[in-house]
Amino acid sequence: MTKSTRRRLTGFGLEPGSLLAGKYEVVSFLGSGWESEVYRVRERGTRVERAAKVFFPQHNRGNRAVKFYARKLHKLRHCPILIQYHTQERIQFEGVPITFLVSDYIEGARLSSFLKEQRGKRLTPFEGLHLLHVLAAGVEIIHRAREYHGDIHDDNVIVNRRGLTFDVKLVDFYDWGAPSAENIREDVYDLIRLLYDALGGRAHYAKQPKVIKSICCGLKRSLIAKKFKTAGHLRRHLETMAWDDHQRRKRGGW
């Protein structure tokens, strides 16, 4: 390995107008994480906007991270809450070979930002249950394919629209190794933790209605694992649970 490929990059700082692989014009910076930066780009020929996930080479040895993402997105391409993978490209950045993945560009706001704009910086229980339902139904498809997401949290949920229900996309994955029952249980716990946090977390948990507490189980992992083994179990619970009208009226409505 050459000295240049051993360099640890912590940012690319690609400016709007920069050209990647002679095909994609950078429009804006979307965000960064441990292994990559993500940019909004535009195809030169079609003017179609895409997202480019540009990997730091030290976290993509032998293209391992790129292969993981590409293969997983391709396998789960029929899951409606995941983005669609298109292709991969190679570029040189300051003498260092870099790989980036091109996928759909998704309009919307990260759930973490979306919550800050809500009254009280949180969702109502009614809204939270609708959000959880659409996420659980999507993750159920992942689990049925004997796969897992591995990194479900409010920065990896993109909210595009809110109406009767939510239009959301899950981005990113985390590679915890081969799929297992433990990986799947962790996804379920993360879904429930997301609901808990979206409703205001610990500060508001004591006043939540019974239907919420019956799902969150006080965030006790053993209780959650016993009640919901997969996202499908969670989705079915949401669709068949009993609504406590007395409790709802007592709390002053939802």
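Above this text sits the structure in question.
Residues numbered from 1 in each chain as written. Predicted model: local features only at pLDDT ≥ 70, side-chain atom pairs only at ≥ 80, totals over all residues. Heavy atoms only, no water.

Q: Let's hear about the pairing of strand β2 (residues 24-32): which residues, and what values?
A: Here strand β1 (residues 19-20) runs beside β2; their pairing, made up of two bridges, is antiparallel. Within β2, the residue paired with leucine 20 across the bridge is tyrosine 24. Here β1 folds back onto β2 in antiparallel fashion, the turn holding three residues, of which alanine 21 has a positive phi close to 55°. Summarising the sheet, β2 and strand β3 (residues 36-43) pair through seven bridges and their orientation is antiparallel. By the bridge assignment for β3, phenylalanine 29 is matched with tyrosine 39. The turn linking β2 back onto β3 is made up of three residues. (Pairing = 2+ DSSP bridges. Helix = DSSP H or I, 4+ residues; strand = E, 2+ residues; numbered from the N terminus.)

Q: Go over the layout of surface pockets with me, naming the residues and quoting the values.
A: Of the pockets and cavities examined, the largest pocket occupies roughly 730 Å³. Within the residue set of the lining of the largest pocket, elements represented by two or more residues are β2, β3, β4 (49-55), α2 (64-75), β6 (96-104) and β7 (109-110). Looking at which element gives the most residues to the lining of the largest pocket, the answer is β6, with four residues. Of the residues belonging to the lining of the largest pocket, the class tally is 20 nonpolar, nine polar and six charged. (1 Å grid on protein atoms, 1.4 Å probe; cavity = no way out; pocket = protein on both sides within 12 Å on 5 of 7 lines; lining within 4 Å. Points joined across faces, edges and corners; volume = space filled by probe spheres on them. Nonpolar A, V, L, I, M, F, W, Y, C, P; charged D, E, K, R; others polar.)

Q: Describe the packing of aromatic side chains, naming the residues involved and giving the relevant values.
A: Applying the stated rule across the entire model yields 11 aromatic pairs. Ring centres of phenylalanine 55 and tyrosine 69 lie 5.6 Å apart, and the angle between their planes is 65°; this geometry places the pair in the edge-to-face category. Here phenylalanine 55, found in strand β4, pairs with tyrosine 69, found in helix α2; they are 14 residues apart in sequence, far enough to count as distant. Each member of the pair, phenylalanine 55 as well as tyrosine 69, is classed as buried. Considering the side-chain rings of phenylalanine 68 and phenylalanine 173, the 6.4 Å spacing of their centres and the 85° angle between planes classify their relative orientation as edge-to-face. Residue phenylalanine 68 is located in helix α2, and its partner phenylalanine 173 is located in the loop between β9 (166-170) and α5 (181-198); the two are separated by 105 residues in the primary sequence. Put simply, the rings of Phe55, Phe68, Tyr69 and Phe173 touch in pairs and so form one group of aromatic residues. The ring of tyrosine 148 has lysine 72 lying over it, and the distance from NZ or CZ to the ring centre is 3.7 Å. When the ring centre of tyrosine 205 is taken as origin, the NZ or CZ atom of lysine 213, which lies over that ring, is 5.9 Å away. (Phe/Tyr/Trp six-rings, centres within 6.5 Å; stacked < 30°, edge-to-face > 60°. Buried < 20%, exposed > 50% of the residue type's maximum accessible area, 1.4 Å probe, protein only. Lys NZ or Arg CZ within 6 Å of the ring centre and 35° of its normal.)

Q: How would you explain the packing of helix α4 (residues 125-144) against α5 if you had to name every residue and give the values?
A: Where α4 contacts α5, the axes come no closer than 10 Å and their chain directions differ by 165°. Looking at the two axes, α4 sits roughly antiparallel to α5. Considering the relative orientation of α4 and α5, their crossing is right-handed. Each of Gly128, Leu129, Leu131, Leu132, Leu135, Ala136, Val139 and His143 in α4 lies in contact with α5, whose residues at this interface are Ile184, Asp187, Val188, Leu191, Leu194 and Leu195. Tallied by class, the residues present in the contact of α4 with α5 amount to 11 nonpolar, two polar and one charged. (Axes fitted to C-alpha atoms, helices over the stretch in contact; angles between N-to-C directions. Parallel < 35°, antiparallel > 145°, perpendicular 65-115°, else oblique. Left-handed = near helix turned anticlockwise from the far one by under 90°. Contact = heavy atoms within 4.5 Å.)

Q: I'd love a proper account of the pattern of salt bridges, names of residues and values included.
A: If you walk through the whole model with that rule in mind, you get 16 salt bridges. A salt bridge links glutamate 43 to arginine 50; the shortest N-O distance between them is 3.1 Å. A relative accessible area of 17% places glutamate 43 in the buried class. For glutamate 140, the salt bridge is made with arginine 235, and the minimal N-O distance between the two is 2.9 Å. Taken together, the positions of glutamate 140 in helix α4 and arginine 235 in helix α9 (residues 231-240) put the pair 95 residues apart, joining distant regions of the chain. The class of glutamate 140 is buried, set by a relative accessible area of 6%. Where salt bridges share partners, they join Glu140, Arg144, Arg235, Arg236 and Glu239 into one cluster. (Salt bridge = Lys/Arg side-chain N within 4 Å of Asp/Glu carboxyl O.)

Q: Pulling in residues and values, what's your account of the sheet that holds β9?
A: Here we have three strands laid out as an open sheet, ordered β7-β8-β9, and antiparallel in their pairing. If you trace the sheet from one side to the other, it starts and ends with β7 and β9, each paired once. Bridge count for β7 against strand β8 (residues 157-162) is two bridges, and the pairing is antiparallel. Paired with arginine 110 across the bridge in β8 is isoleucine 158.

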